Amino acid sequence: QVQLVESGGGLVQTGGSLRLSCAASGSISSFNAMGWYRKALGKQREVVAVITSGGSTNYADSVKGRFTISTDNTKNTVYLQMNSLKPEDTAVYYCNAARVIGFFQKRYDYWGQGTQVTVSS
């Protein structure tokens, strides 16, 4: 069973920075993609950033230019560097690992427990 453990959340002022980490119990290179999602109170979960096994990255428009996703395969860890934080970035951030298997490309998703990020104005 894959385990993902996030860390690095906390309280920060507007304009500040945080770096989230997600440590996987196994090799992250075995996943097709790793990503960060977030869920704010009263809102649906949304994708923040994704990095594929090939190194391609994609970001939500709301975080482009401010957030950076990266991986360290030697540590089986994925990071989310968050700069110029805004109050609207306040949410629980979840790490995701996605694996696509088989002829029918069935997707399997694994999730961490989440880490709270609060940006004060």
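Source: prediction; values computed, not measured.

> Explain the packing of aromatic side chains to me, using residue names and the numbers behind them.
Per the counting criterion, the structure on display carries three aromatic pairs. With centroids separated by 5.0 Å and ring planes inclined at 70°, the aromatic side chains of Y37 and W111 adopt a geometry described as edge-to-face. Separated by 74 residues along the polypeptide, Y37 in strand β4 (residues 33-39) and W111 in strand β10 (residues 106-111) bring together distant segments of the chain. Residue class for W111 comes out partly exposed when judged on its relative accessible area of 31%.

> Tell me about the nonpolar core, and name the residues and values.
One recurring pattern in soluble globular proteins: nonpolar side chains tend to sit buried together. Core analysis: the largest hydrophobic core is formed by 30 residues, its most contacted members being L4, M34, W36, L80, M82 and Y93. Secondary structure elements with two or more residues in this core: β3 (18-24), β4, β5 (46-52), β7 (67-72), β8 (77-82), β9 (91-101) and β11 (115-120).

> Tell me about the pairing of β3, and please be specific about residues and values.
β3 sits mainly inside the fold: five of its seven residues count as buried. Relative to β3, strand β1 (residues 4-7) runs antiparallel, the two being bridged by four bridges. Paired with E6 across the strands is C22, a residue of β3. As paired elements, β3 and β8 share six bridges and run antiparallel to each other.

Parameters and conventions
- Residues numbered from 1 in each chain as written.
- Predicted model: local features only at pLDDT ≥ 70, side-chain atom pairs only at ≥ 80, totals over all residues.
- Heavy atoms only, no water.
- Phe/Tyr/Trp six-rings, centres within 6.5 Å; stacked < 30°, edge-to-face > 60°.
- Helix = DSSP H or I, 4+ residues; strand = E, 2+ residues; numbered from the N terminus.
- Buried < 20%, exposed > 50% of the residue type's maximum accessible area, 1.4 Å probe, protein only.
- Core = buried A, V, L, I, M, F, W, Y, C linked by side-chain atoms within 4.5 Å.
- Pairing = 2+ DSSP bridges.

Treat this as a map of the structure, not an account of what it does.
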